[in-house]
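Topology and contacts: notes
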Amino acid sequence: MISRKTANQCYVYITLPGETEFVTAGKFELATDRRGIPAGRFIYGRSYLDRDNAVAIDPLELKLGNKTCKTSLLKGIFGSLRDASPDFWGRRVIQKRSGHTQHGEIDYLLHSPDDRAGALGFGLNKEPPAPRRKFNRTIELEKLQKLAAAIIADEDIPANADAEQTQDLMFGGTSMGGARPKAVVEDENTLWIAKFDHPDDKWNDARVEHAMLTLARECGLQTSESKVIAIGGRDVLMVKRFDREHTDAGYRRGRMLSALTLLRANDDYQNRERWSYVLLVEELRRISSRPKTDASELFRRMIFNALISNIDDHPRNHAVIAMDRDWILSPAYDLTPATPISAEHRDLALECGDMGRFANAENLLTQCERFYLTPDDARNMINQMEVIVRDNWYAVARREGVTEKDCDKISAAFTYPGFRLEAAALSDLTL
Ligand SMILES: Nc1ncnc2c1ncn2[C@@H]1O[C@H](COP(=O)(O)OP(=O)(O)O)[C@@H](O)[C@H]1O
Ligand SMILES: [Mg+2]
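Described below are features of the structure shown in this document. What you see is a predicted model, and the numbers here were worked out from it, not measured in a lab.

Analysis parameters
- Residues numbered from 1 in each chain as written.
- Chains lettered and ligands numbered in written order.
- Predicted model: local features only at pLDDT ≥ 70, side-chain atom pairs only at ≥ 80, totals over all residues.
- Heavy atoms only, no water.
- Helix = DSSP H or I, 4+ residues; strand = E, 2+ residues; numbered from the N terminus.
- Rg over C-alpha atoms; globule rule 2.2 N^0.38 Å.
- Buried < 20%, exposed > 50% of the residue type's maximum accessible area, 1.4 Å probe, protein only.
- Areas by Shrake-Rupley, 256 points an atom, 1.4 Å probe, with all protein chains shown as cover.
- Lys, Arg positive; Asp, Glu negative; His and termini not counted.
- Charge placed at Lys NZ, Arg CZ, Asp CG, Glu CD.
- Contact = heavy atoms within 4.5 Å.
- Donors = N, O, S within 2.8 Å, 3.2 Å for Na, K, Ca; no water.
- Core = buried A, V, L, I, M, F, W, Y, C linked by side-chain atoms within 4.5 Å.
- Salt bridge = Lys/Arg side-chain N within 4 Å of Asp/Glu carboxyl O.
- Pairing = 2+ DSSP bridges.
- Near = heavy atom within 4 Å.
- Polar contact = N/O pair within 3.5 Å; in protein donor to acceptor, adjacent residues only side chain to side chain.
- Nonpolar A, V, L, I, M, F, W, Y, C, P; charged D, E, K, R; others polar.

1. Examining the overall build of the protein
Helix and strand counts for the protein come out as 14 helices and 15 strands. Compactness check: the protein gives a C-alpha radius of gyration of 22 Å against a globular reference of 22 Å for 431 residues, within 12% of the reference. In the protein, buried positions account for 54% of the 431 residues. Surface exposure of the protein reaches about 19200 Å², of which carbon and sulfur atoms provide 47%. For the protein, the centre of its 60 positive side-chain charges and the centre of its 65 negative side-chain charges are spaced 5 Å apart.

2. With respect to the environment of Gly 26
Mapped onto the elements of the fold, Gly 26 is located in strand E2 (residues 22-32). Overall, Gly 26 belongs to the buried group, its relative accessible area being 5%. Along the chain, Gly 26 and Arg 286 lie 260 residues apart, while their C-alpha atoms are 25 Å from each other. Among residues more than four places away in sequence, those in contact with Gly 26 are Cys 10, Tyr 11, Val 12, Phe 42, Ile 43, Tyr 44 and Gly 45.

3. Describing the coordination of the magnesium ion (ligand 2)
Donor atoms from the polypeptide that coordinate the magnesium ion (ligand 2) comprise Asn 317 (OD1) and Asp 334 (OD), at 2.1 to 2.2 Å from the metal. Of this pair, Asn 317 sits in the loop between helix H10 (291-307) and strand E14 (319-322) while Asp 334 sits in the loop between strand E15 (328-329) and helix H11 (361-365), and the two are 17 residues apart along the sequence. Note on Asn 317: relative accessible area 10%, which makes it buried. Classification of Asp 334 by relative accessible area gives buried; the value is 18%.

4. Remarks on the nonpolar core
In terms of nonpolar packing, the biggest core is built from 66 residues, with Leu 215, Phe 299, Phe 304, Phe 371 and Phe 414 touching the most fellow members. Of all the elements in the fold, those that place two or more residues in this core are helix H7 (205-218), helix H8 (259-262), helix H9 (277-287), H10, E14, H11, helix H12 (375-399) and helix H13 (404-410). Not counting the four nearest positions on each side in its chain, Phe 371 is found in contact with Tyr 277, Val 278, Val 281, Ala 295, Ser 296, Leu 298, Phe 299 and Met 302. If you look at the next biggest cluster of nonpolar residues, it comprises 27 residues, including Ala 7, Tyr 48, Cys 69 and Phe 78.

5. Overview of H9
Inspection of H9 places Tyr 277, Val 278, Leu 280, Val 281, Glu 283, Leu 284 and Ile 287 among the buried residues, and these make up the whole buried set. Structurally, H9 contributes buried residues whose contacts are with strand E13 (255-258), H8, H10, E14 and E15.

6. Structural notes on the pattern of salt bridges
Any two side chains of opposite charge can pair if their charged atoms end up close together. The final tally for this structure, using the stated rule, is 35 salt bridges. Here Glu 142 ties to Lys 146 by a salt bridge, and the two come within 3.7 Å at their closest N and O atoms. Of the two residues, Glu 142 and Lys 146 both sit in helix H5 (residues 141-152), four residues apart, roughly one turn of that helix. On the basis of relative accessibility, which here comes to 55%, the residue Lys 146 falls in the exposed class.

7. Points about the pairing of strand E3 (residues 38-44)
Across seven bridges, the pairing between E2 and E3 is antiparallel. If you follow Lys 27 over to E3, its bridge partner there is Ile 43. Hairpin connection from E2 to E3: five residues lie between these consecutive antiparallel strands, with Gly 36 at a positive phi of about 85°.

8. Re the side chain of Asp 87
Mapped onto the secondary structure, Asp 87 falls in the loop between helix H2 (79-82) and helix H3 (88-98). Relative accessible area serves as the criterion here: at 13%, Asp 87 is assigned to the buried category. The residues contacting Asp 87, other than those within four sequence positions of it, are Arg 82, Met 176, Gly 177, Gly 178 and Arg 316.

9. As for the site of ligand 1
Among the 19 residues in the neighbourhood of ligand 1, the closest are listed as Arg 180, Lys 182, Lys 195, Lys 240 and Asp 334. Note that an oxygen atom of ligand 1 is positioned 2.9 Å from one of the backbone N or O atoms of Ala 179. Taking Asn 317, its side chain carries an N or O atom lying 3.1 Å from an oxygen atom of ligand 1. Taken by itself ligand 1 offers 540 Å² of open surface, and the protein chains cover 92% of this. Contributing elements (two or more residues each) for the shell around ligand 1: strand E8 (190-195) and strand E10 (234-240). Here the shell around ligand 1 is built from residues that sort into seven nonpolar, four polar and eight charged.

10. Quick notes on unusual backbone geometry
Of note in this structure, Lys 75 is not a glycine but carries a positive phi near 55°. Looking at the element boundaries, Lys 75 is found in the loop between strand E4 (69-71) and H2. A relative accessible area of 57% means that Lys 75 is categorised as exposed. Located in the positive-phi region is Arg 264, a residue other than glycine, with phi close to 50°. The residue Arg 264 is located in the loop between H8 and H9 in this model.

What follows is the structure, encoded as structure tokens:
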């Protein structure tokens, strides 16, 4: 049972590059300062710092060393730790399981299972727990899907003979971030994120998201591998985890940081002055071991999001990953089209040029040099991708099982008229 007492400190564990077991990296404490503002403090353990293979949890904000690191952003939770915490969906499952809603930020870290994104773990004991060896299997998906539906409907978890077991099943696989109902399942020696449907979906999201990942690959983007499987008559999107690698000894884990963390940004839409591709590419240039490749890949993603009206490209939908010591941009994930009413003006979630968030070719070009691209190269990239999206989105969607009806619903998302509005016409629009 999850206790009602709110924890204010915990140990942070990490799986080091090449390893499959946790070691203790340090200690995190959450306090409130004299003005009532939450203040987080982290310190690496001495035995951790003595390790030859020690790596920083976040090379920008939690650098290796014996100095205490402090933050007041994100309610005092360092972004790198917050990235390992469940979001809307996982929190809801934890609340459901515990029967109450009053959990502190550290409680969410402590009570979420050990399948979270990235290489971190959390606990109250100085010694880390043994790594998890057992995962939900694909054949358990139908059960998980039903449980997810019950949680969405806010029903009680079915009280049958194996209710406890099914609760545990559901609980395993809820630490991943995001709002959609999901679970982590193992198939052979691979871990997948299973994304379930939701009653509010406007179309078959599993098929549409899978089609967008496929279209993105055709546009030259690096993406997670995905497939759709039908379970109990409903489609489930399966996305292969890029932060896990199977070995005979268990799973290796990659460290992960969201763009929100890299940008030192807040996570609400009211407070997003740092939500920007242009700022993000600067951070990427600092952290990435292949800055040129990653910067141009990020530019490609920005174009793609503008071309498919993916306005949900917020900073938790971008990440960097380190499977070994080096950081690189992670494969793209969570690519979804939207069909806002305006045909002339659509905004991405992040600023993408001198004209703000406007999803427009001219705007995208304004800062291309920061992505190590000449205006000619950037223009060519935009033109080529525009042709691929315009000419292929429908064929790709149909081939990947999106119905004719759903294609009709999403068609307004692709190469919308505002993408090509000329600079002269742009000045007439309020940006
Ligand atoms: N293929 C993947 N491998 C590892 N982690 C992933 C992968 N895809 C997504 N994630 C992580 O899981 C979180 C939730 O996934 P996402 O597809 O964004 O779900 P949602 O649609 O609910 O936002 C992401 O924010 C990211 O941290
Ligand atoms: Mg997401």
